[in-house]
There are 2 protein chains.
Amino acid sequence: GGNIADGQAKSASCAACHGAAGKAVNSIYPNLAGQNADYLALSLHAYKKGDRSGGQAGVMQAFSSSLSDQDISDLSAYYASLTPLK
Amino acid sequence: GGNIADGQAKSASCAACHGAAGKAVNSIYPNLAGQNADYLALSLHAYKKGDRSGGQAGVMQAFSSSLSDQDISDLSAYYASLTPLK
């Protein structure tokens, strides 16, 4: 399973677009706060595998390419733990 | 732009997985309530174009294939208008 504290420690790159509190800095990016951890992990694996293209997918593929399975679990647990902000 | 009421009227198929209040019924699906409308629209267009594959993308491609640009705008406005639930 994912470790929330470890996920937070690994989230600096994510925060540039998705916000320090998981509230995206631009509406073309998704908010991550309170999203389901299972879905977040599936999405990161999909980007890493190249299953998503177009739009910002290239950026996400580049970032996710360096993430281990544990990194993905930790990041997903961290963002799922945050309170969603509208 | 999107019309919230029209989006709600068109959301029955979405609710089966993403929940009547935009809170997904299974953690492998994303919550949609309070997500950014621009991101939701980009995602639906990406599924419709076939830019996402793997996992549940086939299901989303099938659903989104019948959506017009206006449908996508309306659905995105509707889900963005809902209060996010953790």
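Residues numbered from 1 in each chain as written. Chains lettered and ligands numbered in written order. Predicted model: local features only at pLDDT ≥ 70, side-chain atom pairs only at ≥ 80, totals over all residues. Heavy atoms only, no water.

Now for helix α3 (residues 37–49) of chain A. Residues and elements named next belong to chain A. Between its first and last C-alpha, α3 extends 18 Å over 13 residues, near the 18 Å set by a 1.5 Å rise per residue. Among the residues of α3, those classed as buried are Y39, L40, A41, S43, L44, A46 and Y47. Just past α3, the residue G50 takes up positive phi, approximately 80°. (Helix = DSSP H or I, 4+ residues; strand = E, 2+ residues; numbered from the N terminus. Expected span 1.5 Å × (residues − 1). Buried < 20%, exposed > 50% of the residue type's maximum accessible area, 1.4 Å probe, protein only.)

Our next topic: the packing of aromatic side chains. As enumerated under the stated definition, the model contains two aromatic pairs over all chains in all. Over the aromatic face of A:Y47 sits the side chain of A:R52, whose NZ or CZ is 4.8 Å from the ring centroid. (Phe/Tyr/Trp six-rings, centres within 6.5 Å; stacked < 30°, edge-to-face > 60°. Lys NZ or Arg CZ within 6 Å of the ring centre and 35° of its normal.)

Now for the UniProt feature "domain: Cytochrome c" (unreviewed entry) in chain A. Those places that UniProt annotates as "domain: Cytochrome c" (unreviewed entry) correspond, in this numbering, to residues 2–83 of chain A. Between the end C-alpha atoms of residues 2–83 of chain A the distance is 17 Å, and the span holds 57% helix and 0% strand. (UniProt positions renumbered as here; feature names shortened; annotations may be inferred.)

Gaps left between atoms show up when a probe the size of a water molecule is rolled over them. This structure, assessed with the given rule, holds one cavity of 30 Å³ or more. As for the largest cavity, its lining consists of 13 residues, of which A:A33, A:Q35, A:P84, B:A33 and B:P84 are closest to the centre. Across the lining of the largest cavity, the residue classes tally to seven nonpolar, six polar and no charged. (1 Å grid on protein atoms, 1.4 Å probe; cavity = no way out; pocket = protein on both sides within 12 Å on 5 of 7 lines; lining within 4 Å. Points joined across faces, edges and corners; volume = space filled by probe spheres on them. Nonpolar A, V, L, I, M, F, W, Y, C, P; charged D, E, K, R; others polar.)

Residue and element names in this part refer to chain B. At a minimum axis separation of 8 Å, helix α3 (residues 37–49) and helix α5 (residues 69–81) run at an interaxial angle of 140°. If you check the angle between α3 and α5, you find them oblique. In this structure, the crossing between α3 and α5 has a hand that is right-handed. Here A37, L40, A41, L44, H45 and K48 of α3 lie close against α5, whose contacting residues are D69, I72, S76, A77, Y79 and A80. Taken together, the residues that form the contact of α3 with α5 break down as eight nonpolar, two polar and two charged. (Axes fitted to C-alpha atoms, helices over the stretch in contact; angles between N-to-C directions. Parallel < 35°, antiparallel > 145°, perpendicular 65-115°, else oblique. Left-handed = near helix turned anticlockwise from the far one by under 90°. Contact = heavy atoms within 4.5 Å.)

This part takes up the relation of the copies chain B and chain A. Superposing chain B onto chain A takes a rotation of 180° plus a shift of 0.0 Å along the axis, which leaves an RMSD of 0.0 Å. Both copies are brought into coincidence by an operation consistent with a two-fold rotation axis. Proximity to the rotation axis, assessed at the C-alpha, singles out B:R52 in chain B; its C-alpha lies 2.2 Å from the axis. Both copies present the same face, since 100% of the interface residues in chain B are matched by interface residues at the equivalent positions in chain A. (Least-squares fit on C-alpha atoms with pLDDT ≥ 70 in both.)

On to the pattern of salt bridges, then. Close approach of charged atoms allows side chains with opposite charge to pair. Residue and element names in this part refer to chain B. Tallied over the entire structure, the rule returns six salt bridges over all chains. In this structure, D71 engages K10 in a salt bridge whose closest nitrogen and oxygen atoms are separated by 2.8 Å. With a gap of 61 residues between them, D71 in helix α5 and K10 in the loop between α1 (4–9) and α2 (12–18) connect regions that are remote in the sequence. By relative accessible area, D71 is classed as buried at 17%. (Salt bridge = Lys/Arg side-chain N within 4 Å of Asp/Glu carboxyl O.)

So, about the interface of chain B and chain A. Of the residues lining the interface, 26 residues belong to chain B; the matching set on chain A comes to 26 residues. Buried area between chain B and chain A, summed over both chains or domains, comes out near 1,900 Å², and the portion from carbon and sulfur atoms is 41%. Taken together, the links from chain B to chain A amount to zero salt bridges. The interface formed by chain B and chain A includes 14 residue pairs in polar contact (both at pLDDT 80 or more). Where the side of chain B that touches chain A is concerned, the elements lending two or more residues are α3 and α5 of chain B. Each residue belonging to the side of chain B that touches chain A can be placed in one class, and the counts come to 11 nonpolar, 10 polar and five charged. (Buried area = accessible area lost by both parts, 1.4 Å probe. Polar contact = N/O pair within 3.5 Å; in protein donor to acceptor, adjacent residues only side chain to side chain.)

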